[in-house]
Every structure is written in C-alpha cells, then in structure tokens.
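# Results of the structural survey
Residues per chain are reported as follows:
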Amino acid sequence: MRRKFGAMLCLTLIAGLGITYLLFSPNTSSFDSEKSLYIYPESSLTDVVDSLEYQGLIHQAWTFELLANATGWADQIKAGHYVFSSPKSNLKLLQTLRKGLQSPVSVRIPSGTTRERVAQVASLNMAFEPQDFLKALRDTSLASSLGTDTLHLFGYMLPDTYHFYWLTDAHNVVRRIKREYDSFYERELFMTADTIAMTPDQVLNIAAIVEWETNLESEKSRIAGVYLNRLRRQWPLQADPTVQFALIEIEGKRRRLFYRDYRIKHPYNTYLYQGLPPGPITNPSPTTLKATASAENHDYMFFVASPEGGHSFNSTLRGHNQDVRIWHRYMTRQSRKRASDTP
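Residues numbered from 1 in each chain as written. Predicted model: local features only at pLDDT ≥ 70, side-chain atom pairs only at ≥ 80, totals over all residues. Heavy atoms only, no water.

## What about the overall build of the chain?
When helices and strands are tallied, the chain shows 13 helices and six strands. Expressed as a percentage of its 343 residues, the buried residues of the chain come to 44%. Carbon and sulfur atoms provide 51% of the accessible area of the chain, an area that totals close to 19,000 Å². (Helix = DSSP H or I, 4+ residues; strand = E, 2+ residues; numbered from the N terminus. Buried < 20%, exposed > 50% of the residue type's maximum accessible area, 1.4 Å probe, protein only. Areas by Shrake-Rupley, 256 points an atom, 1.4 Å probe, with all protein chains shown as cover.)

Here you go:
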C-alpha cells in the first residue's frame with residue numbers, strides 16, 4: 001500500500017509540476033522590446049499559433065496549443081492587435097487573447113496634403129485599405145451626420161496623431177477625427193473667429209488656401225487678412241493655390257503654374273469665380289487654423305513672393321506691381337545664375 005501510495009503521490013506531483021509548467025512557465029522567446037501580434041477575424045487556433053511563431057513570440061507552440069484546447073479557450077480568441085513583452089506564460093498569452101485586451105495603433109494625419117495621401121497614411125497601421133478611407137470621405141450620409149458635406153469633410157481631418165484599435169473601420173476613424181476638429185474649434189477658434197465674423201466654413205476654406213500659400217507662421221494671419229479684405233470688398237480671391245488644386249484634380253499632380261492655367265474653367269479657380277471655393281482645397285494645420293481665425297486687421301489687398309523670403313504686402317495695385325517687378329527681376333537673375341553654373 002505504501003508503495004502504491006508513494007507511486008500515486010509521485011505521479012500526482014509530476015502531473016502538478018507538468019500543469020504548473022504548462023500554465024505558468026514562460027513560453028515567450030527572449031526579446032528586449034515589445035512585439036506586436038495581429039490576429040485577423042475568423043482566424044483558427046492554427047492561424048494564431050502560426051502568427052505567434054512567425055513573430056517569434058513563443059518557442060513551444062505545442063504547449064500553447066495544448067492549453068488552449070484543454071481550457072476550451074481555443075474558440076474564444078479575439079481578433080485584433082496585441083503587444084507583448086517578454087517573458088509571458090501560456091496562461092498570460094491566452095488570457096490576453098481571450099479577453100481581447102488589445103493595444104491601440106497610431107494613425108497620423110498629415111497636414112496640407114491631398115485626400116489620397118491622407119488615405120494612404122491613415123491606413124498604414126489599420127486593417128482597412130486607402131480606398132475605404134476615401135469612400136468614407138465621399139459618404140454623403142456620414143458627412144451629413146457630422147454636420148457637413150462631402151466637399152468639406154476632408155478639410156476637417158485635423159492633422160494630429162490619433163490612437164485607434166486596429167480593426168476600427170474607416171467610417172469610425174473619419175467620424176472620430178471630425179469630432180476632434182469640432183472640439184478643437186470650440187476650444188481654440190470659436191472666440192477669435194466670432195470676433196471677426198467668420199463662420200466655421202470660412203475659417204476652414206481660407207485656412208486651407210493659407211496652408212498652401214506659405215510655410216512661415218508669422219505670415220499666416222496676415223495672408224488670411226488679405227483674403228478677408230478681398231471677400232469684404234467683393235473682389236475675386238485670385239488665390240494661386242486654388243488653381244493648383246484645380247490642376248491636381250485635372251492632371252493628377254502639382255506643377256508650375258503658367259498664365260494659361262488661370263483661365264482653367266474649374267469651380268475652384270478663384271480667378272474666374274468670385275467668392276470662396278466650394279470647399280477647402282486641403283486639410284490645414286492647427287497653427288494655420290488658429291492664424292486664420294485671428295486674421296490680422298490691415299488694409300493690404302495684395303501680396304507677392306519676396307527675394308528676402310516670405311512675401312511683400314501692399315494696399316495699392318501700383319505698389320503691388322512694383323513688388324511683382326522686383327520679384328520677376330530676382331527670378332530672372334536666379335535663372336541665369338543656375339544656367340551659368342550648369343557645366
């Protein structure tokens with residue numbers, strides 16, 4: 001009896017040690033930094049194990065698979081993006097996957113670019129494709145539910161870095177970013193824009209033009225003031241960026257503007273059509289939006305690039321034409337210099 005009892009005790013201890021090893025012993029490979037794991041919807045346990053091995057997260061796949069089947073958790077693993085550090089036991093890995101304790105991914109929205117570029121960047125770390133993001137921007141029902149239209153929705157894609165769960169669809173990403181813009185507007189722009197009687201659409205449309213006019217923060221508010229002056233006097237905006245936008249839509253890319261381009265019959269060409277364009281030409285940065293909402297109060301009606309950098313501003317056409325001649329002479333000298341430096 002004592003021998004049988006001793007044997008049973010040994011077997012029990014061995015089994016207990018085996019279960020303890022199976023549950024609690026570290027099964028992750030040794031690595032310093034965190035590692036990501038992506039589990040797609042409808043993945044089987046075999047798919048999950050293959051992904052774990054491929055990412056170098058486990059070194060004994062059979063123990064993980066055995067525990068998953070023994071606990072009945074094999075069918076309870078949630079799709080998503082997970083981040084793991086080393087060491088982790090099979091139990092810890094399975095608990096995280098079973099409970100769906102996902103780690104968000106970052107989505108960076110760049111400023112002053114095109115819909116296609118934003119869609120490409122937004123989809124980099126997400127499960128959706130660029131065309132899904134573009135489809136969301138063109139969804140009239142979505143735009144309407146967010147208090148705007150499809151001509152303006154892209155402009156509301158406030159440049160920033162956001163965090164989403166990997167499987168979040170494009171519509172919900174657009175919805176969240178638009179709501180972030182609304183909060184930003186109420187917090188940062190409402191008071192100053194209201195003081196100079198600018199509507200949210202005006203702020204957005206003018207800021208989008210300013211975004212493509214200059215990279216100098218010190219000029220943005222002044223340029224916004226020029227466009228406001230033209231609007232108040234019912235002048236055409238005559239904004240080169242709107243012509244550039246028309247060219248991008250027609251030809252698919254940016255290029256140098258020629259005199260003939262200012263006659264392009266396109267609704268965004270503010271040389272031909274008075275008032276603001278139908279929608280923003282890009283998604284302006286927060287700093288450009290702030291500068292536009294607090295547009296400088298002045299008498300300037302014209303501006304042109306300056307040899308000193310930035311722009312020269314003028315309140316009279318005569319003064320403006322003189323600045324234009326100075327700029328053209330400068331560009332002619334630069335062109336000749338480049339030609340002489342070419343071997």
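## A look at the layout of surface pockets
In this structure, the largest pocket encloses a volume near 1,300 Å³. Taken together, 30 residues form the lining of the largest pocket, with Asp240, Tyr262, Tyr271, Val304 and Trp327 sitting closest to its centre. Those elements that provide at least two residues to the lining of the largest pocket are α9 (200-213), α10 (217-232), α11 (240-251), β5 (302-305) and α13 (317-341). Top contributing element to the lining of the largest pocket by residue count: α13, with six residues. Within the lining of the largest pocket, the residues separate by chemical class into 19 nonpolar, five polar and six charged. (1 Å grid on protein atoms, 1.4 Å probe; cavity = no way out; pocket = protein on both sides within 12 Å on 5 of 7 lines; lining within 4 Å. Points joined across faces, edges and corners; volume = space filled by probe spheres on them. Nonpolar A, V, L, I, M, F, W, Y, C, P; charged D, E, K, R; others polar.)

## A word on the environment of glutamine 202
Secondary-structure assignment places glutamine 202 in helix α9. Not counting residues up to four positions away in its chain, the partners in contact with glutamine 202 are Ala197, Ala207 and Leu276. (Contact = heavy atoms within 4.5 Å.)

## Topic: the side chain of histidine 320
For histidine 320, the location among the structural elements is in helix α13. In this structure, histidine 320 is in contact with Phe302, Phe303, Val304 and Asn314, ignoring residues within four places of it in sequence.

## A few points about α11
Over its 12 residues, α11 runs 16 Å from end to end, which matches the ideal 16 Å to within 8%, given 1.5 Å per residue. Within α11, burial applies to Pro241, Thr242, Val243, Gln244, Phe245, Ala246, Leu247 and Ile248. Among the structural elements, α5 (115-122) and α9 are those in contact with the buried residues of α11. (Expected span 1.5 Å × (residues − 1).)

## Some points on the packing of α9 against helix α12 (residues 286-293)
Interhelical geometry of α9 versus α12 gives an angle of 120° and a closest axis separation of 9 Å. On the basis of the axis angle, α9 is oblique to α12. Regarding α9 and α12, the two cross each other, and that crossing is right-handed. Here α9 contributes Val203, Leu204, Ile206, Ala207, Val210 and Glu211 to the contact with α12, which in turn contributes Thr288, Leu289, Thr292 and Ala293. (Axes fitted to C-alpha atoms, helices over the stretch in contact; angles between N-to-C directions. Parallel < 35°, antiparallel > 145°, perpendicular 65-115°, else oblique. Left-handed = near helix turned anticlockwise from the far one by under 90°.)

## What to know about the pairing of strand β2 (residues 80-84)
Within β2, four of the five residues are buried, which leaves it mostly tucked inside the rest of the structure. Pairing of strand β1 (residues 35-39) with β2, which is carried by five bridges, proceeds in the antiparallel orientation. Note that in β2 the partner of lysine 35 across the bridge is phenylalanine 84. (Pairing = 2+ DSSP bridges.)

## Details of the pattern of salt bridges
Counted by the stated rule, this structure contains eight salt bridges. Residue glutamate 188 is joined to lysine 290 by a salt bridge in which the shortest nitrogen-to-oxygen separation is 3.9 Å. Note that glutamate 188 is positioned in helix α8 (residues 170-195) and lysine 290 in helix α12, a separation of 102 residues in sequence. Residue glutamate 188 is classed as partly exposed on the basis of its relative accessible area, which comes to 35%. Between glutamate 251 and arginine 255 there is a salt bridge; the shortest N-O distance is 2.8 Å. (Salt bridge = Lys/Arg side-chain N within 4 Å of Asp/Glu carboxyl O.)

## As for a positive patch on the surface
Where like charges cluster on the molecular surface, the positive patch consists of Arg318, Arg325, Arg329 and Arg333. Along the chain, arginine 329 falls in helix α13. (Patch = residues over 30% accessible without salt bridge, like charges linked within 9 Å, V, L, I, M, F, W, Y side chains within 5 Å. Lys, Arg positive; Asp, Glu negative; His and termini not counted. Charge placed at Lys NZ, Arg CZ, Asp CG, Glu CD.)

## Considering α10
The terminal C-alpha atoms of α10, which comprises 16 residues, lie 24 Å apart, in line with the 22 Å expected from a rise of 1.5 Å per residue. All buried positions along α10 are accounted for by Glu219, Lys220, Ser221, Ile223, Ala224, Gly225, Val226, Tyr227, Leu228, Asn229 and Arg230. The inward-facing, buried residues of α10 abut α9, α12, β5 and β6 (311-314). Once α10 finishes, glutamine 234 follows within two positions and takes phi at roughly 60°, a positive value.

None of this, on its own, says anything about what the molecule does.
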